[in-house]
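What follows is each chain in one-letter form.
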Amino acid sequence: MERILVLLAALAVLGLAFGVLERLWPSVRGQRFLLRRKGFFTDAAWWMFTPTIGKLFSGIVVAVSILGLAGILGIGITADHLRGLSERDTTIGRWPLGVQLIVFLLLADLLAYAQHRAFHTFSRLWPIHAVHHSSTVVDWLSSVRVHPVNDALGSVVVAAPLLLLGFSPATLGAYLPFLTLYAIMLHANVGWDFGLLRYVIASPAYHRWHHSAEPEAINKNFSGLFPFVDMIFGTMYFPNDRQAQNFGVIGETVPDGFIGQMVYPFRSKRQPARSSTPMAIETA
């Protein structure tokens, strides 16, 4: 019950804070505020589910995967290491803290890029990730619309290599909440592009193009932290003269409700979209 109250309080506080920011610096002008915009109750359900049951499921999958891989590879990682009750003595762990942090962030973003691109590339993975892209109104709250299988598989791809290489679970434990909060900001309906750092650090203006239903932006901007990773692999789309305006999935219809989205990836037959034209945003 306490966790639920905290989540409700956080929803109210962040809703107020981002409501002000999204009014002052809107990327899409006239976009309806939370309670009045399309998909609010669906995203509110995801808001309650993702940090609770979703994270529990993801944590179990990650732990079982890492312990299984460690056993196969003969790497001495135990459940106590994952819980932070004991520390492993590794080569990476003896590096200077600053070096560890830089290498960790670069590797984590490369791994996140790889898993993110895989979800867009492989037909069996895409329906799981399509749930996240189903929002036709993208703002800070739509960031939590993430299917638990998407979260679990993506977390395994990032966490397992880093821990098996010798990075501390404590470092990973600090990184994941940071990434969650950063992702909330990246989806916000604000036009920030970070100016001179626009190609160095991912911004809302950058990531919102990833959710765009405009043809030139499809399958672009997979990086969650460093846009230059997309630049290296030829998947960057970041025009200077405009911002993404239309969002959603083209070619299929993802259900609007929470339960429908939860079971959507497992349907044997999925509905084609009624139109290939992106839905226009609702305005006040």
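Here the structure is a predicted model, which is why all the values come from computation and not from measurement.

### Examining the overall build of the chain
Line of reasoning, step 1. A count of helical and extended segments in the chain gives 10 helices and zero strands.
Line of reasoning, step 2. Starting at the N terminus, the α and β elements of the chain follow one another as α-α-α-α-α-α-α-α-α-α.
Line of reasoning, step 3. Its C-alpha radius of gyration of 19 Å places the chain within 12% of the 19 Å reference for a compact globule of 284 residues.
Line of reasoning, step 4. C-alpha atoms of the chain, sized along the principal axes, occupy 55 × 45 × 40 Å.
Line of reasoning, step 5. The buried share among the 284 residues of the chain stands at 46%.
Line of reasoning, step 6. A separation of at least 24 residues holds for 71% of the contacts in the chain among residues at least 6 apart in sequence.

### Some thoughts on the packing of aromatic side chains
Line of reasoning, step 1. Throughout the structure, instances matching the rule amount to 16 aromatic pairs.
Line of reasoning, step 2. Note on Trp46 and Phe49: the rings are 5.9 Å apart at their centroids and 85° apart in plane angle, and the pair reads as edge-to-face. Here Phe49 and Trp46 lie together in helix 2 (residues 40-73), a separation of three residues that amounts to about one turn. With respect to burial, Trp46 and Phe49 carry one shared label: buried.
Line of reasoning, step 3. Three or more aromatic residues joined by ring pairs make a cluster, and in this case those are Phe18, Trp47 and Trp140.

### Structural notes on the confidence of the model for the chain
Line of reasoning, step 1. Mean pLDDT over the chain works out to 90, with 94% of the residues at or above the 70 mark.
Line of reasoning, step 2. Within the chain, the element-level pLDDT minimum falls on helix 3 (residues 79-82), averaging 87, and the maximum on helix 8 (residues 204-210), averaging 98.
Line of reasoning, step 3. Scored below 50 in pLDDT, residues 272-284 shows 31 contacts in the model against residues more than four places distant or in partner chains.

### Considerations on the environment of Asp80
Line of reasoning, step 1. Relative to the elements of secondary structure, Asp80 occurs in helix 3.
Line of reasoning, step 2. There is a polar contact of 2.7 Å between the side chain of Asp80 and the side chain of Arg83.

### Examining the pattern of salt bridges
A side chain of one charge can pair with a side chain of the opposite charge when the charged atoms of the two come close.
Line of reasoning, step 1. For the structure on display, the rule yields 10 salt bridges.
Line of reasoning, step 2. Residue Asp89 pairs with Arg94 through a salt bridge whose shortest N-O separation is 2.6 Å.
Line of reasoning, step 3. For Glu214, the salt bridge is made with Arg242, and the minimal N-O distance between the two is 2.9 Å. Of this pair, Glu214 sits in the loop between helix 8 and helix 9 (227-233) while Arg242 sits in the loop between helix 9 and helix 10 (258-263); the two residues are 28 residues apart in sequence, bridging distant segments of the chain.
Line of reasoning, step 4. Among the residues examined, Glu214 registers a relative accessible area of 11% and is labelled buried.

### A closer look at the side chain of Ser212
Line of reasoning, step 1. The residue Ser212 is located in the loop between helix 8 and helix 9 in this model.
Line of reasoning, step 2. With a relative accessible area of 3%, Ser212 lands in the buried category.
Line of reasoning, step 3. In terms of polar contacts, Ser212 uses its side chain to reach the backbone amide nitrogen of Glu214, at 3.0 Å.
Line of reasoning, step 4. Setting aside chain neighbours within four positions, we find Ser212 in contact with Ala217, Ile218, Ala244, Asn246 and Phe247.

### Here we look at the packing of helix 4 (residues 97-121) against helix 7 (residues 169-187)
Line of reasoning, step 1. Direction vectors running N to C along helix 4 and helix 7 enclose 60°, while the axes themselves pass 12 Å from each other. On the basis of their axis angle, the class for helix 4 and helix 7 is oblique. As helix 4 packs across helix 7, the resulting crossing turns out to be right-handed. Contact residues: helix 4 offers Phe104, Leu105 and Ala108, while helix 7 offers Thr171, Leu172 and Tyr175.
Line of reasoning, step 2. Across the contact of helix 4 with helix 7, the residue classes break down as five nonpolar, one polar and no charged.

### So, helix 1 (residues 2-24)
Line of reasoning, step 1. A rise of 1.5 Å per residue sets the reference length of helix 1, with its 23 residues, at 33 Å; its end C-alpha atoms lie 33 Å apart and thus fit the reference within 8%.
Line of reasoning, step 2. Of the residues making up helix 1, those classed as buried are Leu7, Leu11, Gly15, Phe18, Gly19 and Glu22.
Line of reasoning, step 3. Buried positions along helix 1 lie against helix 2 and helix 7.

### Concerning the packing of helix 6 (residues 148-165) against helix 7
Line of reasoning, step 1. As a packed pair, helix 6 and helix 7 sit with axes 10 Å apart at the nearest point and diverge in direction by 155°. Between helix 6 and helix 7, the interaxial angle falls into the category roughly antiparallel. Between helix 6 and helix 7 lies a crossing whose hand is right-handed. Only Pro169, Leu172 and Tyr175 of helix 7 make contact with helix 6, whose side of the interface consists of Val158, Ala159, Leu162 and Leu163.
Line of reasoning, step 2. Tallied by class, residues from the contact of helix 6 with helix 7 come to seven nonpolar, no polar and no charged.

What counts, and where the lines are drawn
- Residues numbered from 1 in each chain as written.
- Predicted model: local features only at pLDDT ≥ 70, side-chain atom pairs only at ≥ 80, totals over all residues.
- Heavy atoms only, no water.
- Helix = DSSP H or I, 4+ residues; strand = E, 2+ residues; numbered from the N terminus.
- Rg over C-alpha atoms; globule rule 2.2 N^0.38 Å.
- Buried < 20%, exposed > 50% of the residue type's maximum accessible area, 1.4 Å probe, protein only.
- Contact = heavy atoms within 4.5 Å.
- Phe/Tyr/Trp six-rings, centres within 6.5 Å; stacked < 30°, edge-to-face > 60°.
- pLDDT = per-residue confidence, 0-100.
- Polar contact = N/O pair within 3.5 Å; in protein donor to acceptor, adjacent residues only side chain to side chain.
- Salt bridge = Lys/Arg side-chain N within 4 Å of Asp/Glu carboxyl O.
- Axes fitted to C-alpha atoms, helices over the stretch in contact; angles between N-to-C directions.
- Parallel < 35°, antiparallel > 145°, perpendicular 65-115°, else oblique.
- Left-handed = near helix turned anticlockwise from the far one by under 90°.
- Nonpolar A, V, L, I, M, F, W, Y, C, P; charged D, E, K, R; others polar.
- Expected span 1.5 Å × (residues − 1).

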